[in-house]
Amino acid sequence: EDQVTQSPEALRLQEGESSSLNCSYTVSGLRGLFWYRQDPGKGPEFLFTLYSAGEEKEKERLKATLTKKESFLHITAPKPEDSATYLCAVQLMEYGNKLVFGAGTILRVKS
Amino acid sequence: ETGVTQTPRHLVMGMTNKKSLKCEQHLGHNAMYWYKQSAKKPLELMFVYSLEERVENNSVPSRFSPECPNSSHLFLHLHTLQPEDSALYLCASSQDGLAGNDEQYFGPGTRLTVT
């Protein structure tokens, strides 16, 4: 069964304290891996797409990396405005643009 | 603003009511999606439409009925819902449907409460 697991479920950081979020997946064939950010009361906001192992993408304080079994979202020197739920989703080879989501990591950054 | 709007933003309905959720995308995309987001559970794909044709129905109960009159509009008709159907219902769109691998853009969602 195709499965996406995110860890930790929740993470509290001090402003400036760097850390990483994990997304591990067990799927029959990976077409792409997506990271989204979701603020309370809003829909998910697209961050990154990764397609092959070894690929990295960066945006401001965020960097996403991909291996054959997992992806990491590294947050460098986070600020309070980075507080949100971060969602990982995999796109399966045989299902086109159907996404399978993980449950998310709730990130809180305190000043 | 992602270019995907949803109305209403909040909806409270009784189990015997009939209501509809509306989604509109202003991005010129060809595919639209309905997702359900329940507390502490992953987003669940409900329906996929590509070029106004339903291409995926993810084993959703018949009390949820989608309608896609054109590539910019998507509706979710609701009737005789159960309290466990209370959730955030999200609409999304992407450039291509099942043939594509591009990102999906989400609307703000409709918070549905079934009493």
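Scope of this entry: the structure provided in the associated data block. (Residues numbered from 1 in each chain as written. Chains lettered and ligands numbered in written order. Predicted model: local features only at pLDDT ≥ 70, side-chain atom pairs only at ≥ 80, totals over all residues. Heavy atoms only, no water.)

**Observations concerning the pattern of salt bridges**
Inference 1: One pass over the full model with this rule turns up six salt bridges over all chains.
Inference 2: The residue Asp82(A) makes a salt bridge to Arg61(A) at a minimum N-O spacing of 2.8 Å. Here Arg61(A) lies in the loop between strand E6 (56-59) and strand E7 (62-66) and Asp82(A) lies in the loop between strand E8 (70-75) and strand E9 (84-92), a separation of 21 residues in the sequence.
Inference 3: Among the salt bridges present, the one from Lys41(B) reaches Glu44(B), with a minimum N-O distance of 3.8 Å.
Inference 4: With relative accessibility at 43%, the residue Lys41(B) sits in the partly exposed group.
Inference 5: The partly exposed category is assigned to Glu44(B), whose relative accessible area is 31%. (Salt bridge = Lys/Arg side-chain N within 4 Å of Asp/Glu carboxyl O. Helix = DSSP H or I, 4+ residues; strand = E, 2+ residues; numbered from the N terminus. Buried < 20%, exposed > 50% of the residue type's maximum accessible area, 1.4 Å probe, protein only.)

**Description of the sheet that holds strand E3 (residues 18-25) of chain B**
Residues and elements named next belong to chain B.
Inference 1: With respect to topology, four strands assemble into an open sheet ordered E1-E3-E8-E7, the strand pairing being antiparallel. Every other strand in the sheet has two partners, leaving strand E1 (4-7) and strand E7 (64-70) as the edge strands with one partner each. The sheet shows a mean angle of 20° between the axes of neighbouring strands, taken without regard to direction.
Inference 2: With four bridges joining them, E1 and E3 adopt antiparallel strand pairing. The residue bridging Gln 6 from the neighbouring strand is Cys 23, located in E3. (Pairing = 2+ DSSP bridges. Axes fitted to C-alpha atoms, helices over the stretch in contact; angles between N-to-C directions.)

**Focus on the environment of Met46(B)**
All names here are of chain B.
Inference 1: Residue position: Met 46 is located in strand E5 (residues 44-50).
Inference 2: Met 46 sits 10 residues away from Glu 56 along the chain, and the two C-alpha atoms are 7.9 Å apart.
Inference 3: In contact with Met 46, other than residues within four places in its own chain, are Trp 34, Tyr 35, Lys 36, Glu 56, Asn 57, Asn 58, Val 60, Phe 64, Leu 76 and Tyr 89. (Contact = heavy atoms within 4.5 Å.)

**What to know about the packing of aromatic side chains**
Where two aromatic rings form a pair, the distance of their centres and the angle of their planes describe that pair.
Inference 1: For the structure shown, the criterion picks out 10 aromatic pairs over all chains.
Inference 2: Here Tyr36(A) and Phe46(A) contribute two aromatic rings whose centre-to-centre distance is 5.9 Å and whose plane-to-plane angle is 70°, an arrangement assigned as edge-to-face. Linking Tyr36(A) in strand E4 (residues 30-38) with Phe46(A) in strand E5 (residues 45-50), this pair joins segments that are 10 residues apart in sequence. Comparing Tyr36(A) with Phe46(A) shows no difference in burial state: the two are buried.
Inference 3: Relative to Tyr35(B), the ring of Phe101(A) lies with its centre 5.7 Å away and its plane at 85°, an arrangement referred to as edge-to-face. Placement of Phe101(A) in strand E10 (residues 99-101) and of Tyr35(B) in strand E4 (residues 31-37) is noted, with the two residues assigned to different chains. Tyr35(B) matches Phe101(A) in its accessibility class, with the two residues each being buried. (Phe/Tyr/Trp six-rings, centres within 6.5 Å; stacked < 30°, edge-to-face > 60°.)

By themselves, these are just geometric observations and shouldn't be taken as functional.
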